[in-house]
Amino acid sequence: MDILTWLARPTWHSELILCAFAVLILYIVFRKKGELSRHALENTVATLLIGGINILVAIVFLKDVNAFMQSAYAALHIPTLDPSVWDALPLWVVCVMGIIAKDFVDYWNHRLMHTKWGWPTHAAHHSDTHVNAFTANRIHFLEAMLMTASYIILLTWLQMPKALPFVIAFYILHTKYVHMDLPFEHGIFKYLIASPVYHRWHHADVPAAYGKNLANVMPIYDVIFGTYYEAGKCNAPMGALGTGVPDKNVWRIFTYPFEEWGRLIRASLAERRAKADTNPSETVTR
């Protein structure tokens, strides 16, 4: 199996190897001794356990979820391009076009997940208080389902089978890279390809940076849509402890979306009751 095939078909052990390799690079080459600190290792263990829970959920529900997504997609009757339309273009151009399209979808997915009702699906990813390559894999299964559904509905019509392995491999490597504690900012290319400094501000527990730097690969989308944040090297604390999401309590991280949505629903109902009590004449039932 060649390296492209290995990267384009990620498994739990390939992800583990890549993340461990990235940690060792930081520890040995960049002298980041904190990468093997107790705090870092505890966060990494929590990430791996969350991944294990996601695998168990997938084993139980994946077949039904895939069947639902496929039926929903078929019901939409989305026309697809003939894959041969890309044959006249160099493969690298098609790959770049695939990345541009995917990152546009990712930007709006990410922006949705930084709203009040979308945040619970994404909070697990921000719960890590020691952001490194392993953090790329700290996601809740609800977020994974949302992202997968959006790709099926919004990107399948492009029909880029030849470019797909290269795009997947690029995203896997780049996602690990931007979560590493590195001082790189990419100079004149900083708006075209996300750097570790750019993305670490997205994970920073700093109010000014909340909901900023939402693009996964191309910060130009943040510039265009008003969510770009730049403040030099990022030495700010990481995580989302202030929102009530723990960093190492795996069960609380996993159940947080359901608890938070329950709280939001109760708060919304209480607000409606309060308005009805204050202005009973304005209450309308439909």
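Now for a description of the structure that goes with this document. (Residues numbered from 1 in each chain as written. Predicted model: local features only at pLDDT ≥ 70, side-chain atom pairs only at ≥ 80, totals over all residues. Heavy atoms only, no water.)

One finds Met160, Ala163 and Val167 to be the most contacted residues of the largest nonpolar core, which totals 20 residues. Elements represented by at least two residues in this core include exactly helix H4 (91-112) and helix H7 (164-178). Ranked by residues supplied to this core, first place goes to H4 with 5 residues. In contact with Val167, not counting residues within four places along its chain, are Cys95, Ile99 and Lys102. Counting 9 residues, the second largest nonpolar core, distinct from the first, contains Val197, Trp201, Tyr229 and Ala236. (Core = buried A, V, L, I, M, F, W, Y, C linked by side-chain atoms within 4.5 Å. Buried < 20%, exposed > 50% of the residue type's maximum accessible area, 1.4 Å probe, protein only. Helix = DSSP H or I, 4+ residues; strand = E, 2+ residues; numbered from the N terminus. Contact = heavy atoms within 4.5 Å.)

All chains considered together, the criterion is met by 13 salt bridges. Ionic pairing is found between Asp128 and Arg138, a salt bridge with its closest N-O pair at 3.8 Å. Taken together, the positions of Asp128 in the loop between helix H5 (119-126) and helix H6 (141-154) and Arg138 in the loop between H5 and H6 put the pair 10 residues apart, joining distant regions of the chain. One exposure class covers both Asp128 and Arg138, and it is buried. Here Glu271 ties to Lys275 by a salt bridge, and the two come within 3.6 Å at their closest N and O atoms. Residue Glu271 and its partner Lys275 are both found in helix H10 (residues 250-278); the two are separated by 4 residues, about one turn of the helix. Residue Glu271 is classed as partly exposed on the basis of its relative accessible area of 46%. Its relative accessible area of 52% is what places Lys275 among the exposed residues. (Salt bridge = Lys/Arg side-chain N within 4 Å of Asp/Glu carboxyl O.)

Under the 1.5 Å per step criterion, the end-to-end length of helix H3 (residues 38-76) is only 50 Å for 39 residues, more than 12% shorter than the ideal 57 Å. The largest bend along H3 measures about 60° and falls at Phe61. The complete set of buried residues in H3 reads Ala40, Asn43, Thr44, Ala46, Thr47, Ile50, Asn54, Val57, Val65, Met69 and Tyr73. Structurally, H3 contributes buried residues whose contacts are with H6 and H10. Positive phi appears at His77, one or two residues downstream of H3, with a value of about 55°. (Expected span 1.5 Å × (residues − 1). Bend = angle between axes of the 7 residues up to and from the residue.)

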